[in-house]
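Observations on chain architecture
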Number of protein chains: 2
Amino acid sequence: MAQLDQTHDPKLESWVLSANGHSDFPIQNLPLGVFSPNGGSPRGGVAIGDQILDLPAALAAGLFAGEAVKAAEAALGPVLNPFLALGAGPRQALRARLSELLSQGSPEKGRVETCLHDAADCTLYLPAHVGDYTDFYVGIHHATNVGKQFRPDNPLLPNYKYVPIGYHGRASSIRPSGEPMRRPRGQTKPPDATEPSFGPCQRLDYELELGVWIGPGNTLGEPVRIGEAAGQVGGFCLLNDWSARDIQAWEYQPLGPFLSKNFGSTVSTWIVTPEALAPFRIPQPKRPDGDPAPLPYLLDEADQREGGLNLELEVLLLTPGLREKGLPAHRLSMSNARHMYWTVAQIITHHTSNGCNLQPGDLLGTGTISGPDQSSCGSILETTLGGKNPVVLASSEQRRFLEDGDEVILRARGRREGFAPIGFGECRATIQPAR
Amino acid sequence: MAQLDQTHDPKLESWVLSANGHSDFPIQNLPLGVFSPNGGSPRGGVAIGDQILDLPAALAAGLFAGEAVKAAEAALGPVLNPFLALGAGPRQALRARLSELLSQGSPEKGRVETCLHDAADCTLYLPAHVGDYTDFYVGIHHATNVGKQFRPDNPLLPNYKYVPIGYHGRASSIRPSGEPMRRPRGQTKPPDATEPSFGPCQRLDYELELGVWIGPGNTLGEPVRIGEAAGQVGGFCLLNDWSARDIQAWEYQPLGPFLSKNFGSTVSTWIVTPEALAPFRIPQPKRPDGDPAPLPYLLDEADQREGGLNLELEVLLLTPGLREKGLPAHRLSMSNARHMYWTVAQIITHHTSNGCNLQPGDLLGTGTISGPDQSSCGSILETTLGGKNPVVLASSEQRRFLEDGDEVILRARGRREGFAPIGFGECRATIQPAR
């Protein structure tokens, strides 16, 4: 687990003035991504305020030494998989050096300035090539809420409190924030119909998740022990696991969700490092009385102590009506990553417990992170109780599910007394009509 | 759909004499793979009898012209994804030219001979990098047999005859024939236990499947219509979807199989082309009376006429006891690809019907292809009725499930009056003890 050090000092300010104050990207964050400046090719960069530090340029300018060189060299290309493969050492060295270079008073300010681009002029990409994408189901409030709708008698199945439930998702259709998402078509069968029919999804939903970028990975056949699992985390992002609820209800048995999910998933483009999140670590929330303890292979003292995450998670909805009237996006939900029943280390260890190999740049989704009440639901299925209680917007529009032209925006923020708040950047996409 | 032409002429013989007679790889087959000759680097090759034609060497020797050059150039590297991306035109041109070059009486025999390697001296690899792997469930006898064991009251769910059921599998753990497979560990909970426990799988199984290598692929948001789906097939292989039945029973609800499958899958190393399989096309088997017709998006006249495959499928088991006594492998099952409820075109069209994008080198599994009786089961779970009726071997060993040291061998063969039989090569792997 990352130690707190001078890079977390809340008094640290950057000479990039936009980084000080309310930016998602203060000097205590320093997330990595892949960007191209106007007309340039995709390359690794670091977000600082409203600027992006060009890593190849900074490397060429001789601003790095030692392990930080290794990290920067692994971030020259159009994907950060080589960087993720390096693991914690080079990543932490790069962070320490970036913190120096970008701090108020840095003697290198002049040379660093030549390596900055206005983020507004840059294009952002998926930060890594996703080899495999796995989605988990660690939001126990979500599992209970949704379980009630799909299986009223049986919301939480007997395995839930023993098995960090997960399934494989589609890697090819993961898209970076900002790319539109097309409404899928598919087979659905309303309960009163005698036969299914094929057409545009009528119950389109988002899912509020954290994504975990895998670092070094493991060899096939060699499980990652729980005490080593944190070292497999290369960073975090926001993940919107778009879901077609009507397609899902008809297709999901017995092999799980498929076309209801694989038409697309949206991620935020910045990899927020474990080091940046160190101040927001909390103990794994205590299980309710009567819940079984995790099996021994999922138990680790350090993970119990600091495997939880205190991150505010927010879902905003911007509709054509709100846009037209100049009204702000509507907050659909405010949740927190502390509502995860399993830690990130536990899902990694479980995933590899059978020998399954993770690779650098693999993406794990936590599953929808809902809180305990109606204002903290991570999907509209939960918020509207399956479409029964529509959301009413300031534009007088109503939403039971998502409509064409709707834009869903996910945000995350770490906030803690005595530390600089950090953000994830946005994970947003607009629904296009079915083709 | 591929036309029959002179490359299918059963009278055609090769001057590579081992290709004539009982080889899986007569001149009518010409499958592609990735191999390395002793000490060399991985590259594209074509199987002919007990030899492998070195495609880079043949290209360098100037043996190709026109579209065939394009195909060979796409097969120079360590993966055939670029070749698969080209689609049918270059692939067919390459086949036509290879058929000429390798035929009895070819004036190029001398130049071609210098491009051959003894297959026995070569290493074979996965023929492509698998971006995403999807497994279907088109074997209706398998679905019924297994459904009975997992859900006695409800073997075939109401969606089965409408939806080509599929789910995403693990790409990273797909391995070529010959690599051992380690027995997984995992959580299981026998029905009479009050709590699950963690340990080596006790009910390890194979699954007899065909694999489909995807060719050109489609753009996200743009479905592949059923009439165009055959053009997306780059070729076929055998696929053993190893399954840990005890882990599966405990973990699979509600999101489907996960750790029970993703510890490894084995594929045969040769890509058998649609052209090679053209003689073995049959009408899609007629659905039993009372079954619904496929929805219109899955219906195509040509696919109905020739979307089926008549391929014999075989499962052999070689145990330590059989090996020790010098006894041959035991045939566990003889099935046929005609027992698929959905065609390959239907699963491709269904997969992309929501806009999901397939990419060159993606792998689709058909799901276990069992026949209608006990001698044609595609998994040992079915053959032994869930372990109740053990298989007795000539070595006096018994098998309820697979044991350490057991080797499972899958084979496929196209056989038709008036045509040369062709094979797939083997898909084999030996079980290693749990770590």
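Computed from a prediction, not measured in an experiment: that's the story for all the values here.

Remarks on the UniProt feature "domain: Fumarylacetoacetase-like C-terminal" (unreviewed entry) in chain A
Under the local residue numbering, the UniProt record ascribes the feature "domain: Fumarylacetoacetase-like C-terminal" (unreviewed entry) to residues 141-431 of chain A. As annotated, residues 141-431 of chain A has a helix share of 15% and a strand share of 27%, and its two end C-alpha atoms lie 26 Å apart.

A closer look at the relation of the copies chain A and chain B
You can overlay chain A on chain B at an RMSD of 0.0 Å; the transform is a turn of 180° with a shift of 0.0 Å along its axis. Expressed as a symmetry operation, the mapping of one chain copy onto the other fits a two-fold axis. Closest to the rotation axis within chain A is the C-alpha of glycine 256 of chain A, separated from it by 2.1 Å. When the interface residues of chain A are mapped onto chain B, 100% of them again lie at the interface, so the same face is used by both copies.

Considering the sheet that holds strand β2 (residues 43-48) of chain A
Residue and element names in this part refer to chain A. Strand order across the open sheet formed by five strands is β4-β3-β2-β1-β5, with antiparallel pairing between neighbours. If you trace the sheet from one side to the other, it starts and ends with β4 (116-118) and β5 (123-124), each paired once. In terms of strand pairing, strand β3 (residues 51-54) meets β4 through three bridges, oriented antiparallel. Looking at β4, one finds that glutamine 51 is bridged to aspartate 118.

Some remarks on the environment of proline 433 of chain B
Residue and element names in this part refer to chain B. Among the structural elements, proline 433 can be located in the segment after β26 (427-432). Residue class for proline 433 comes out partly exposed when judged on its relative accessible area of 45%. Here the alpha-carbon distance between proline 433 and glycine 215, two residues 218 residues apart in the chain, equals 37 Å. Aside from chain neighbours lying at most four places away, what touches proline 433 is Arg182, Arg183 and Asp404.

A short note on the packing of aromatic side chains
All names here are of chain B. Overall, the coordinates contain 14 aromatic pairs over all chains when judged by the stated rule. Taken together, a centroid distance of 6.0 Å and an interplanar angle of 70° make the contact between tyrosine 137 and tyrosine 160 edge-to-face. One end of the pair, tyrosine 137, is in the loop between β6 (133-136) and α6 (140-150); the other, tyrosine 160, is in the loop between α6 and β7 (166-169), and 23 residues separate them in sequence. With relative accessibility at 10%, the residue tyrosine 137 sits in the buried group. A relative accessible area of 3% means that tyrosine 160 is categorised as buried. Taking 5.8 Å as the distance between ring centres and 50° as the angle between the ring planes, the aromatic pair formed by tyrosine 160 and tyrosine 341 counts as tilted.

What counts and what doesn't
- Residues numbered from 1 in each chain as written.
- Chains lettered and ligands numbered in written order.
- Predicted model: local features only at pLDDT ≥ 70, side-chain atom pairs only at ≥ 80, totals over all residues.
- Heavy atoms only, no water.
- UniProt positions renumbered as here; feature names shortened; annotations may be inferred.
- Helix = DSSP H or I, 4+ residues; strand = E, 2+ residues; numbered from the N terminus.
- Least-squares fit on C-alpha atoms with pLDDT ≥ 70 in both.
- Contact = heavy atoms within 4.5 Å.
- Pairing = 2+ DSSP bridges.
- Buried < 20%, exposed > 50% of the residue type's maximum accessible area, 1.4 Å probe, protein only.
- Phe/Tyr/Trp six-rings, centres within 6.5 Å; stacked < 30°, edge-to-face > 60°.

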